[in-house]
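As a plain string of letters, each chain reads:
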Amino acid sequence: MKEYYPLLDASGFMEQHNRMAYEIYLYDNNLAPYGTSDPASAPTFTPMYSASEIANPAVDNDWIDLVTRNGFINEHNLSLNGGTEATRIFASFGFMDQETVVKDHDYRRYTGRVNMDQKIGKRINLSVNLSMSRVASTNASYGPQDGGIEKWSMLMSARNFAPVTPIYDEDGSYAKTYNTQATNPVAFLDIDDNTWTQRFMVNPQLDIDLIRGLKFTVRGGADLNGSKRKVYIPVAVENFQTPDGMASLYSSSISNFSGEAFFTFIKELGEHRFNVV
């Protein structure tokens, strides 16, 4: 996995929060450099985290590491062609399996294609082009990459979740960071978001030579598309936008068919050539 800019560990996080708290303390009490009040008149500053807590953090989570992994792509392609004087065939098949660097975000694709040309006697030729594809994907990173905290995706939450926050609370529920609208990054892995798409296309064509210069052609086509998506967000995820959980099922199917028939007449007279369809 590519190394991105480093985030604060628990000790660094606590140190920076103490620094921020101290700046707020100076500002709220009108102390230098924000004001001119006498420090003796201000209450004693109490840091958010003690020196022992900083030196020995009870929790130190690398949230990016918890929701990512080493990705890989496994791809195979095979093609075949051959035939005889009357028959020609070409076929190709492909397979790709991808595990992305984000956990529970996978992509698998199957593809196939067959082209065939067949001569039937001296006057008839049949050709068929066929192709298909199927894609299955999963996505746990529910939500956009921008917007309000409640809309954060898994990576956005992982980048902003405090490293001192445990994965689970004592009662077994997912722990929240300082801004409770953010979903626990690990909780995204409990979300089921699966999509399937498939497509099948076939285009046959029949050519018949009726007499010299006159040919009859019949051509057809079918294009079938289908897709389905299932999303389930359990209540235990405690997503701010769907506190009661959410389940949805979407499917679509589109079919297109075409067909045509025509005659083609070709005639040469001297230097002239006539082509009529």
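## Here's the deal with the overall build of the protein chain
Within the protein chain one finds four helices and eight strands. Each helix (α) and strand (β) of the protein chain, taken in turn from the N terminus, gives the series α-α-α-β-β-β-β-α-β-β-β-β. Here the C-alpha radius of gyration of the protein chain, 33 Å, is well above what a compact globule of 277 residues would show, namely 19 Å. A principal-axis box enclosing the C-alpha atoms of the protein chain has dimensions of 115 × 45 × 35 Å. Across the 277 residues that make up the protein chain, the buried fraction comes to 26%. In the protein chain, 59% of the contacts between residues at least 6 apart in sequence involve partners at least 24 apart. With an accessible surface of roughly 17,800 Å², the protein chain has 55% of that area assigned to carbon and sulfur atoms.

## Overview of the pattern of salt bridges
Oppositely charged side chains are able to pair whenever their charged atoms sit close together. This structure, assessed with the given rule, holds six salt bridges. Note that Glu 99 is salt-bridged to Arg 69, the shortest N-O span being 3.8 Å. A residue pair is termed long-range when its members are at least 10 positions apart, and Glu 99 in strand β2 (residues 87-99) and Arg 69 in the loop between α3 (63-67) and β1 (72-83) qualify at 30 residues. For Arg 69, a relative accessible area of 21% puts it in the partly exposed group. For Asp 223, the salt bridge is made with Arg 199, and the minimal N-O distance between the two is 2.6 Å. Within this pair, whereas Asp 223 is found in strand β6 (residues 214-233), its partner Arg 199 is found in strand β5 (residues 192-211), the two being separated by 24 residues in sequence. With a relative accessible area of 35%, Arg 199 lands in the partly exposed category. Among the charged side chains, a salt-bridge network with shared partners connects Arg 69, Glu 99 and Asp 106.

## So, the pairing of strand β8 (residues 272-276)
Bridge count between strand β7 (residues 246-269) and β8: five bridges; the pairing is antiparallel. Each residue of the ladder has a partner; that of Lys 267, found in β8, is Phe 274. Linking β7 to β8, which pair antiparallel, is a turn of two residues; within it Gly 270 sits at a positive phi near 65°.

## Quick look at the sheet that holds strand β4 (residues 124-138)
Taken together, the eight strands give an open sheet; going across it, the order is β1-β2-β3-β4-β5-β6-β7-β8, and neighbouring strands pair in antiparallel fashion. The open sheet is flanked by β1 and β8, the only strands paired with a single partner. Across the sheet, the mean angle separating the axes of adjacent strands is 10° when strand polarity is ignored. Pairing of β2 with strand β3 (residues 106-120), which is carried by 13 bridges, proceeds in the antiparallel orientation. Among the inter-strand pairings, Ala 91 is bridged to a residue of β3, identified as Val 114.

## A few points about the confidence of the model for the protein chain
This prediction gives the protein chain a mean pLDDT of 91; 96% of its residues lie at or above 70. In the model of the protein chain, β8 stands out as the element of lowest mean pLDDT, 77, in contrast to β2, which has the highest, 96.

## Some details on the nonpolar core
The tendency in soluble globular proteins is for nonpolar side chains to be buried as a group. Core analysis: the largest hydrophobic core is formed by 18 residues, its most contacted members being Trp 63, Met 154, Ile 191, Ile 233 and Val 237. In terms of residues, this core owes the most to one element, helix α4 (residues 154-160), which gives three residues. Listed in part, the seven residues of the second largest apolar core include Phe 13, Met 14, Ile 54 and Ala 162.

## Considering the side chain of Thr 217
Examined against the element boundaries, Thr 217 turns out to sit in strand β6. For Thr 217, a relative accessible area of 2% translates into the label buried. In this structure the side chain of Thr 217 is engaged in a polar contact, spanning 2.8 Å, whose partner is the side chain of Asp 207. Among residues more than four places away in sequence, those in contact with Thr 217 are Gln 205, Leu 206, Asp 207, Glu 260, Ala 261 and Phe 262.

## Some points on unusual backbone geometry
The amide bond that connects Ala 32 to the next residue, Pro 33, takes the cis arrangement and shows omega of 5°. Mapped onto the secondary structure, Pro 33 falls in the loop between α1 (10-28) and α2 (51-55). Even without a glycine there, the phi angle at Asp 104 is positive, about 60°. Looking at the element boundaries, Asp 104 is found in the loop between β2 and β3. By relative accessible area, which is 28% here, Asp 104 ends up partly exposed. Even without glycine at this site, Glu 238 takes up a positive phi of about 55°. Of note, Glu 238 is situated in the loop between β6 and β7. The class for Glu 238 is partly exposed, based on a relative accessible area of 32%.

Scoring rules and cut-offs
- Position numbers for residues start from 1 in each chain and track the written sequence from start to end.
- For a predicted model such as this one, the threshold for reporting local features is a pLDDT of at least 70, and the threshold for listing and counting side-chain atom pairs is 80 or more; totals across whole chains, interfaces and linings nevertheless cover every residue.
- To get the side-chain values, take all heavy atoms of the structure and skip hydrogens and water.
- Helix and strand labels come from DSSP, where a helix needs a run of H or I of at least four residues and a strand needs a run of E of at least two; each type is numbered from the N terminus.
- Radius of gyration: over C-alpha atoms. The globule rule applied is 2.2 Å multiplied by the number of residues raised to the 0.38 power.
- Accessible area is worked out with a 1.4 Å probe on protein chains only. A residue is then buried under 20% of its type maximum, exposed over 50%, and partly exposed in between.
- Contact definition: two residues touch when any of their heavy atoms are within 4.5 Å.
- Shrake-Rupley sampling with a 1.4 Å probe provides the accessible areas, and residues are treated as covered by the protein chains on show and by no other component.
- Definition used for salt bridges: Asp or Glu carboxyl oxygen within 4 Å of a side-chain nitrogen of Lys or Arg.
- Here, any two strands with at least 2 DSSP bridges between them count as paired.
- For every element, the axis is a line fit to its C-alpha atoms; helices are fit only across the contacting stretch, and the angle between N-to-C directions ranges from 0 to 180 degrees.
- Residue-level confidence of the predictor is what pLDDT reports, using numbers from 0 through 100.
- Here, the term nonpolar core denotes a set of buried Ala, Val, Leu, Ile, Met, Phe, Trp, Tyr and Cys residues that are joined through side-chain atoms within 4.5 Å.
- Polar contacts here mean pairs of N or O atoms no more than 3.5 Å apart (in protein, one a potential hydrogen donor and the other a potential acceptor; neighbouring residues in sequence count only if both atoms are side-chain atoms).

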